[in-house]
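Coordinate analysis (summary)
One letter stands for each residue in the lines below.
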Amino acid sequence: FSIYGIGSTGGGAIALVIAGAVLAASDQGFFQNWPILGHFKPWQLVLALPGICTMPLALFLFTVPEWPRRVSPALASEKSGTRDTIRYVIDHWWVFLPFFLAQMTYHFYIGVNAWMPSAIIRGWGIPASEYGKVMGTVSLPLIVVGLLLSATLIDYFGKRGVGNSALRIAMIGQ
């Protein structure tokens, strides 16, 4: 699971480095005379460039046929909709409430991380290109070490019979 986590969180760190490099290149006028990209402001370019680069992949996906779906007989006969699902969640609120609370705290964490670059850039006057390069470079090794260390600790405590070792390490890490 840690290897999977490295892909998503490490990808974020690499994205910071790339965004910093794109901002620096844009500040230096690298994209000035490009047909479409020359009209973007640097911060818009960081958002538009990944979309423009992945547009061929998105168009290619329209050519890939959808796999035939296999449905088990038990699921095929089950007729439940949104109303039934909401009723089930309300009837079993004591099960779902901790998950909703956990998601709320997790999204608070995401919100803080989303606004942290702006707060640091505005508060200390650091250029956005510099922030992206530094934070991405610092974050990537820390992410890899943290995920591998947590996996090692989960295995260590799991082999010693500690129940829910993955959940416990995740709670400590958060």
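Residues numbered from 1 in each chain as written. Predicted model: local features only at pLDDT ≥ 70, side-chain atom pairs only at ≥ 80, totals over all residues. Heavy atoms only, no water.

**Section: the overall build of the protein**
A tally of helices and strands in the protein yields 7 helices and 0 strands. Overall, the protein shows an N-to-C arrangement of helices and strands of α-α-α-α-α-α-α. At 23 Å, the protein has a C-alpha radius of gyration far larger than the 16 Å of a compact globule built from 174 residues. Across its three principal directions, the C-alpha atoms of the protein cover 60 × 45 × 30 Å. When burial is assessed residue by residue, the protein has 16% of its 174 residues classed as buried. If you average the places of the 11 positive and of the 7 negative side-chain charges in the protein, the two averages end up 2 Å apart. (Helix = DSSP H or I, 4+ residues; strand = E, 2+ residues; numbered from the N terminus. Rg over C-alpha atoms; globule rule 2.2 N^0.38 Å. Buried < 20%, exposed > 50% of the residue type's maximum accessible area, 1.4 Å probe, protein only. Lys, Arg positive; Asp, Glu negative; His and termini not counted. Charge placed at Lys NZ, Arg CZ, Asp CG, Glu CD.)

**Observations concerning the nonpolar core**
Ranked by size, the top nonpolar core spans 6 residues in total: V22, A25, F31, L37, L45 and L49. Looking at this core, the elements that each hand over two or more residues are α1 (2-27) and α2 (42-61). Contacts of A25, omitting those with residues within four sequence positions, involve F30 and F31. (Core = buried A, V, L, I, M, F, W, Y, C linked by side-chain atoms within 4.5 Å. Contact = heavy atoms within 4.5 Å.)

**Topic: the confidence of the model for the protein**
When pLDDT is averaged across the protein, the result is 82; 91% of the residues are at 70 or more. Confidence, read as mean pLDDT per element, is least for helix α3 (residues 73-77) in the protein (60) and greatest for helix α4 (residues 82-91) (87). (pLDDT = per-residue confidence, 0-100.)

**A short note on helix α6 (residues 128-159)**
Spanning 32 residues, α6 covers 45 Å between terminal C-alpha atoms, matching the ideal 46 Å at 1.5 Å per step. Of the residues making up α6, those classed as buried are S129, Y131, G132, G136, S139, I143 and S150. Following α6 by one or two positions, G161 adopts a phi angle in the positive range, close to 85 degrees. (Expected span 1.5 Å × (residues − 1).)

**Description of the pattern of salt bridges**
Oppositely charged side chains may form a pair once their charged atoms are brought near each other. Applying the stated criterion across every chain yields a total of 1 salt bridge. The salt bridge involving R87 is made with D84; its shortest N-O contact spans 3.2 Å. Residue R87 and its partner D84 are both found in helix α4; the two are separated by 3 residues, about one turn of the helix. Using a relative accessible area of 35% as the deciding quantity, one classes D84 as partly exposed. (Salt bridge = Lys/Arg side-chain N within 4 Å of Asp/Glu carboxyl O.)

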